[in-house]
Structures are given as structure tokens and as C-alpha cells.
Amino acid sequence: MEAHPSYHLISPFSTKYPRAAGSLFLAYNDIVYSQQWTDVEVLDLEPCSRAAIRGRRPNAESTMNVVPCTLSELISLEWLENAFVSLDNPPEVFLAITSEDSSIVYYKISRGIVKPPL
Amino acid sequence: MTTDPRPIPIRIANQRAYIWDVDDIAVLRSQHRLCGILAGTLPHLSQQNVFLGVPLLLMPEEVVLLVEKKFAVLVDDPKAHQAPTAPQLQKWEEEREEFAKRHIVVNDTKINQNAATRSISEDAMRKRKERMERKAARSQQPAPVDMIPEESPAERAEATPAPDSRPSTPSSNANTVAYPVIIESASSTLEWYDTSATTYDAIEAAQAAGIWSYPSNLSERARCGVFRGLWEQGYFLGGGIKFGGDYLVYPGDPLRFHSHFVATVIESPVATLRPMEIVAHGRLGTATKKSHLLCGWNDEKKDVSYLSIEWAGFG
């Protein structure tokens, strides 16, 4: 485990938020190695008792925020709102939903009534 | 269409809200962005359910909004029908007879014309004329006031002199002439239909009178709040069952636009939300070119917050 290249970046948060360690590790590795984001950093997201991931998609200008969670967690609108506030009110947050078989799916959550793309 | 300051009467029967006037339906749709659902079937095609007509059935959220905005009042329809007085009933009966007589004459004239072209014998023509005169004479007799008007004038005229105690059946008598019976869809023309004592201009008053209960709990308050919130932003709303939500949100009249959003109502900011719901709603919305709206109701602040969900496009 300690030999994994992501381990040292993640370990402070996996000790602080052990319940969220699995989904964070999964989402971080997916973003860095599979989605190939750059400038990836891990941020403390205290009100949600977990860490968030911030980075830049390949060939994209702006940074994007990812909040990992597992499929079996129970969240609420307040929980999502807290995530927005802690991440300095970005227009959108990506929720990385992970399952036990380590599959992962991302959903874009936008504040307000945002029209679907054409 | 000009703006009509008169509040629209919403007729309540058995906790359901109906609009019976097509002009009111037009005002609702064109001025108030509310569509309702046409629920009446056609008298001659009662088995079909594709082309429906009046009455318009309103969603409870639409009713609450209309009354709160003072666009409409609630009418306790069953109670508005009072017992008619004898003169009222007599007048109604006379009008009905007059209508029937007019139609019988028109029908007979038509038959006569047809008969003439088919050159029926002079004798038959004379007999028909005699019959018509007899009938006209009978119809002019005043109707007894206390009579319950269930029989046609022709029936009654025959029933009176009948020596047999059993009532005669219309079909057994050759003298009976068919005429149309028109049943009005609205009761407003009836003299004994009086809504003045059974009209409520506030939801609380209607609730106190026991004719209307919505919204009676947090879930219903949340639905009303979210409905109002979206409506106030200029959207049209329809039922969301086809896309697994509470409402479909249209940018204009649903006859002209596709919906942009499927909305679900969330009763409170701390209500449990499962990530699986986000996946299910989000993926369905993305597949149908709609965003999914999570509409959170805050019952203390009485306001709504919105989150839009879409598939991220990666992962």
C-alpha cells in the first residue's frame, strides 16, 4: 500500500477521514492516471468529512473540483451546499461516485437552474 | 385576449379542482402559464381517451398558486346547488317544454317536407297535421308545480288520462316524437345555483370549510413551494411521471416547447439523498437532453434552492 505512488499524497486525509479513504484513493487515481488531469491537488473538505480533488482536464483552461463519495453513503442538499461553500463557490462540482467493485462515475452538479447543453 | 380582473371560479368536488369554462381555461394557459389536464370525455365517444375536453382538472399545486395569487377562487360546487323554489322549477320546466316544442315543430316540418318530396298521400299529411295540433294543445297546459320533471312533456300528457295505474312507456306509443335533451356542462345558468355563500378566496378558508385540504403536511407544502418557485421564474410545469420526476419544466407553452428539466422536490435541506438517485436521474436526463433539477424546499425560510445534475461527460 505504502509503495503506491499516490499513497503519500493521500495518507494525511485517509488518517483524518478513514471512512472516506477508499473513495478518495479511487477517485484520485482515476483522475490522475485514467483521466490524465494535470495540476491535481488534494484539498481538505472539512464539512463533508473528506478531502476533495482539484485539477485541470487535458486541454482545459479552468480547474475543476471533484468530491468523492461512495454509492452507499447518504448525502443531502445541505451536504452538497457545504461542499460548494468550502470549495470557494465554484459554479459546478463533480461528484465522483464509487462502488465496491471500484467502478466510478462522475456527475456534474451545478448551482441554480442550468440549462442542458444543446 | 384582454386581462380579466374577475377571479376564475375553480369548482371543487370531492377535493378535486375543476374548470368548466373554456374561456377560463384559455386565460389560465395564456395569462397564468398553467395548463392542467383536460379530463372530460366526449358524450358520443365516451370510450376514447385521446381527445379530451372540459372539465380541466388542475393539479393541487396549481390550485394553491392560483388562489394565493388571487387569480382564482374556490367554489364548493355541490353546496352551490340549492333546492329550487317552486316558481324557479316551474320556469325551468316551461323553458324546457318550450325548447322541446320548438324542436318537435321543426322536426315535423322537416318530415313534412321530406314527405312531400316522397309524395305521401294527402290523407297521411292530414293525419300528421292533426297529431301536431293535438300535441301543441296538450303542451300548453300548465305544469303542476310539485311535479318532479323527469318525464318528457309528451309522456306526461299521456300519463295523466291513462286509466291504467301503471305508467306508460314512451316506446309503446306511436304519438311520441323524439326531441333532443341538452344537458348543460355548467350549472351557472340555473337560477338555484348560487355560489355567493360557497366561494372561498383563501386556501385557509376553504380548508376550514372542509372542501379542500392541500397542502396539509410538509411534503405537500414543499411541492407547493417548489411549484411556485419554478412558476415565478416564468416556466410552465407539467407532470413529471414520464421522466421519473415530480414535474417537467418547460421554457414556454408545452405545445410549443420540449421540456428542459425534470424536477424532483426535496422536502428539506437535510433530507436523505442517495448517490444512486443522482446517477439514475442524471443519466436519464442526459439521455433525453434534459437536466435534472433537485429542488430543495426550506420550510423555515419558505424558499427553494436548485441544483442541476448532468452526466459529467467523462469517467
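What counts, and where the lines are drawn
Residues numbered from 1 in each chain as written. Chains lettered and ligands numbered in written order. Predicted model: local features only at pLDDT ≥ 70, side-chain atom pairs only at ≥ 80, totals over all residues. Pairing = 2+ DSSP bridges. Helix = DSSP H or I, 4+ residues; strand = E, 2+ residues; numbered from the N terminus. Contact = placed C-beta atoms within 7 Å. Nonpolar A, V, L, I, M, F, W, Y, C, P; charged D, E, K, R; others polar. UniProt positions renumbered as here; feature names shortened; annotations may be inferred. Expected span 1.5 Å × (residues − 1). Buried ≥ 20, exposed ≤ 12 C-beta atoms within 10 Å, placed from the backbone. Core = buried A, V, L, I, M, F, W, Y, C linked by C-beta atoms within 7 Å. Domains from an automatic or database assignment. Axes fitted to C-alpha atoms, helices over the stretch in contact; angles between N-to-C directions.

Participant: In this structure, what is going on with the sheet that holds strand E3 (residues 37-40) of chain B? I would like to understand it.
Facilitator: Strand-to-strand pairing in sheets goes through backbone hydrogen bonds, with the strands running parallel or antiparallel. Residue and element names in this part refer to chain B. Strand order in the open sheet made by the six strands is E3-E4-E2-E1-E5-E6, with mixed pairing throughout. Only two strands of the sheet have a single partner each, and these edge strands are E3 and strand E6 (199-200). Relative to strand E4 (residues 53-58), E3 is paired through three bridges, and the arrangement is antiparallel. Paired with Gly 40 across the two strands is Gly 53, which belongs to E4.

Participant: Is there a simple way to explain the interface of chain B and chain A in this structure?
Facilitator: Interfaces are often sized by the amount of accessible area the parts lose when they come together. The interface of chain B with chain A comprises 29 residues on the first partner and 27 residues on the second. Elements represented by at least two residues in the side of chain B that touches chain A include exactly helix H9 (275-287), strand E10 (291-298) and strand E11 (303-311) of chain B. The class makeup of the residues in the side of chain B that touches chain A is 17 nonpolar, eight polar and four charged. Pairing of strand E5 (residues 104-111) of chain A with E11(B), which is carried by five bridges, proceeds in the antiparallel orientation. Directly across from A:Ser110, in E11(B), lies its bridge partner B:Ser308.

Participant: Sorry if this is basic, but what is going on with the UniProt feature "domain: tRNA-splicing endonuclease subunit Sen15" (unreviewed entry) in chain A here?
Facilitator: Mapped onto this numbering, the UniProt entry annotates "domain: tRNA-splicing endonuclease subunit Sen15" (unreviewed entry) at residues 27-116 of chain A. Each end of residues 27-116 of chain A is marked by a C-alpha atom, and these two atoms are 25 Å apart; helix forms 20% of the span and strand 42%.

Participant: Explain helix H8 (residues 218-232) of chain B to me, please; I cannot follow it from the model alone.
Facilitator: Two residues of an α-helix separated by three or four positions point the same way, owing to the 3.6 residues in each turn. Residues and elements named next belong to chain B. Taking 1.5 Å per residue, 15 residues should reach 21 Å; H8 reaches 21 Å between its end C-alpha atoms and fits that length. Among the residues making up H8, those that are buried are Ala 222, Arg 223, Cys 224, Gly 225, Val 226, Phe 227, Leu 230 and Trp 231. On its buried face, H8 sits against helix H2 (60-68), strand E7 (236-239), strand E8 (247-250), strand E9 (261-266), E10 and E11. With its phi angle positive at about 95°, Gly 234 sits one or two positions after the end of H8.

Participant: So what exactly am I meant to see when it comes to the nonpolar core here?
Facilitator: Generally speaking, soluble globular proteins have nonpolar side chains that are buried together. With 83 residues, the main nonpolar core has A:Val67, A:Leu95, B:Ile10, B:Val249 and B:Cys295 as its most contacted residues. No other element matches H8(B), which puts six residues into this core. Among the domains, domain 1 (1-82 + 194-213) and domain 3 (215-315) of chain B are the pair contributing at least three residues each to this core. Apart from the residues within four sequence positions on either side, A:Val67 is in contact with A:Leu45, A:Cys48, A:Ala52, A:Ala83, A:Val93, A:Leu95 and A:Ala96.

Participant: What's the story with the environment of B:Leu56 in this structure? I'm lost.
Facilitator: If you trace the backbone, B:Leu56 turns up in strand E4. Put simply, B:Leu56 and B:Trp20 are 36 residues apart on the chain and 6.6 Å apart in space, counted from C-alpha to C-alpha.

Participant: Would you mind going over the UniProt feature "active site" (unreviewed entry) in chain B with me for this structure?
Facilitator: The UniProt record marks B:Tyr250, B:His258 and B:Lys290 with the feature "active site" (unreviewed entry), using the residue numbering of this structure. With the annotated positions falling across 41 residues, the maximum pairwise C-alpha distance of 10.4 Å places them together in a single cluster. Among the secondary structure elements, B:His258 is positioned in the loop between E8 and E9. Residue B:His258 is classed as exposed on the basis of its C-beta count, with 12 C-beta atoms lying within 10 Å. Assignment of secondary structure puts B:Lys290 in the loop between H9 and E10. B:Lys290 has contacts with A:Pro116, B:Phe243, B:Ser259, B:His260, B:Phe261, B:Val262 and B:Gly285, leaving out every residue within four places of it along the chain.

Participant: Would you explain the sheet that holds E10(B) in this entry?
Facilitator: The ten strands lie next to each other as E1(A)-E2(A)-E3(A)-E4(A)-E5(A)-E11(B)-E10(B)-E9(B)-E8(B)-E7(B), forming an open sheet whose pairing is mixed. Each having just a single partner strand, strand E1 (38-45) of chain A together with E7 of chain B make up the two edges of the open sheet. Averaged over neighbouring strand pairs, the angle between their axes works out to 30° when direction is ignored. Most of the contacts of helix H2 (residues 21-34) of chain A go to strand E3 (residues 63-70) of chain A, to which it runs at about 140°, and overall it touches E1, strand E2 (50-56), E3, strand E4 (92-98) and E5 of chain A.

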